[in-house]
Amino acid sequence: MIATDTRLLPLDALRGFAVMGILLLNIVGFAMPEAAYMNPAAWGGTSAPDIATWAITFVLFDGKMRGLFSLLFGASMLLIIEKAEMDGRDGRRVHFVRSAWLFAFGLAHFLLLWWGDILMVYAIVSLVAVLFIGRPPISLVKWAFGAFLIHFVIVATFIISAYAYGHAAAAPDAPTSLVRGYAAMIESFGSPGAPSIKADVALHRSGFGTIFVDALTSLPGHAVSFFYFAFDTLGFMLLGMAMLKGGFLNGQWPIEQYRRTARHCFMIGLPPSLALAIWVIASGYDPVVAFGSFFAWSFPFRVPLTVGYAALFLTWVLHSPDHFLIRRVAAAGRMALSNYLGTSLLMTAIFYGWGGGLFGQIDRFPLYTFVIGAWAIMLLCSKPWLDHFHYGPLEWVWRSLARGQSQPVRRIRN
């Protein structure tokens, strides 16, 4: 065993990198119609800098930071359960109560701030992941890749069906229902100029009440999308549990082994991801090609790239554990919930109609200046806060609610 501070620093730092990295993709959802996520031609500019920005984020970051966040959620869940049982409490009950309150946070996040919430998915999926906590690492890895396979089969089947509908709609004798179905599918996938995109822009340039009512009425539909994220998230949670038990996530491997792992994972994942980005551009940003590449065909390569990022970041953390930036990133990771929800509050206040009203008005490339600004806030504010308090503000609320009583928060200094 190694010292507690050294052992937890890798997890905190990885969580910090993940919560900062998630914003690289989420910024598009805050500032543009949802279609811009999957199709760069749908919104956000088609200049060379804008398309290059899309390609870089697609190849390097899309899904990888969320995957890293999911890995760490699974590992943290395991640590919390084990700690509770060492304290003589029922670890599973502790987890269930925490998950219930996390779901409440996610629901409030979805209804009051932003449609892209992941906390509800984490809360529900973790109730399944907890069934696997007693399994050895190799068993967890097998179950994780089983979940990945199920996820890929689901999304690939959907994409192949979209292609089939496309061919049927193009046929001279195509049934009207197929034509309508394919047209609706293309629209939902982000065809440039689609009415759904215009409606999305109009909605988010409106007031808080209108956006809230839309979130409330769209909640059942959002629940359906849970099935897309469920197996993906479960797989990464189980993989995170395995990587913790195997000593990977808590920094117990030699630095050179982390370097080799990162190198091999990037060699596996980057070339096909780059090829997919080129395919989307070469297709003229065909909505089905863009959607398929975003959701399905890139997925098998997200898994090694997610592990590669974990290995790359851990190489840096273990090589320079006292570096001022590592300590700042680790502090941001300790306040991941506050930073995640705080980012949503800040960005919707900037872009939505009830705030700054900049929704849909800034192209993709300059949009990332807001990401740099948010990162600066996280890095500048998280560590000073934790110098005076044990937890981030929302971490304290979550902990107090889960334990049924207010927890001590201020650090006592002699």
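Computed from a predicted structure; not experimentally measured.

For an α-helix, 3.6 residues make a turn, and residues three or four places apart therefore share a direction. The end-to-end C-alpha distance of helix α3 (residues 48–60), which contains 13 residues, comes to 18 Å, matching closely the 18 Å that a straight helix rising 1.5 Å per residue would cover. Among the residues making up α3, those that are buried are D50, I51, T53, W54, A55, T57, F58 and V59.

To continue, consider the confidence of the model for the protein. For the protein, mean pLDDT is 90; residues scoring 70 or higher make up 91% of the total. Between the elements of the protein, mean pLDDT differs from a low of 57, seen in helix α8 (residues 176–189), to a high of 98, seen in helix α15 (residues 336–351). Here residues 1–7 is a poorly scored stretch, pLDDT under 50, and it has five contacts once near neighbours within four places are set aside; other chains count.

Now for the packing of aromatic side chains. Taken as a whole, this structure holds 28 aromatic pairs when the rule is applied. When the ring of F30 is compared with that of W114, the centres are 4.3 Å apart and the planes differ by 40°; the resulting orientation is tilted. With F30 in helix α1 (residues 4–31) and W114 in the loop between α5 (91–112) and α6 (119–129), this pair connects stretches of sequence that are 84 residues apart. When the ring centre of W398 is taken as origin, the NZ or CZ atom of R98, which lies over that ring, is 4.1 Å away.

Time to look at the packing of helix α11 (residues 255–282) against helix α12 (residues 287–297). For the pair α11 and α12, interaxial distance at closest approach is 9 Å and the crossing angle is 165°. Comparing their axes, α12 and α11 come out roughly antiparallel. Judged by the twist between their axes, the crossing of α11 over α12 is left-handed. Facing α11, whose interface residues are L276, W279 and V280, α12 presents V289, A290, S293 and W297. In the contact of α11 with α12, the residues fall into six nonpolar, one polar and no charged.

This next bit is on the environment of A336. Mapping A336 onto the fold places it in helix α15. Taking the relative accessible area as the measure of exposure, A336 reaches 6% and is therefore buried. Expressed as a C-alpha distance, the spacing of A336 and R15, which sit 321 residues apart in the sequence, is 6.9 Å. For A336, the contacting residues outside a window of four places in its chain are R15, V19, F69 and E395.

Cut-offs applied
Residues numbered from 1 in each chain as written. Predicted model: local features only at pLDDT ≥ 70, side-chain atom pairs only at ≥ 80, totals over all residues. Heavy atoms only, no water. Helix = DSSP H or I, 4+ residues; strand = E, 2+ residues; numbered from the N terminus. Expected span 1.5 Å × (residues − 1). Buried < 20%, exposed > 50% of the residue type's maximum accessible area, 1.4 Å probe, protein only. pLDDT = per-residue confidence, 0-100. Contact = heavy atoms within 4.5 Å. Phe/Tyr/Trp six-rings, centres within 6.5 Å; stacked < 30°, edge-to-face > 60°. Lys NZ or Arg CZ within 6 Å of the ring centre and 35° of its normal. Axes fitted to C-alpha atoms, helices over the stretch in contact; angles between N-to-C directions. Parallel < 35°, antiparallel > 145°, perpendicular 65-115°, else oblique. Left-handed = near helix turned anticlockwise from the far one by under 90°. Nonpolar A, V, L, I, M, F, W, Y, C, P; charged D, E, K, R; others polar.

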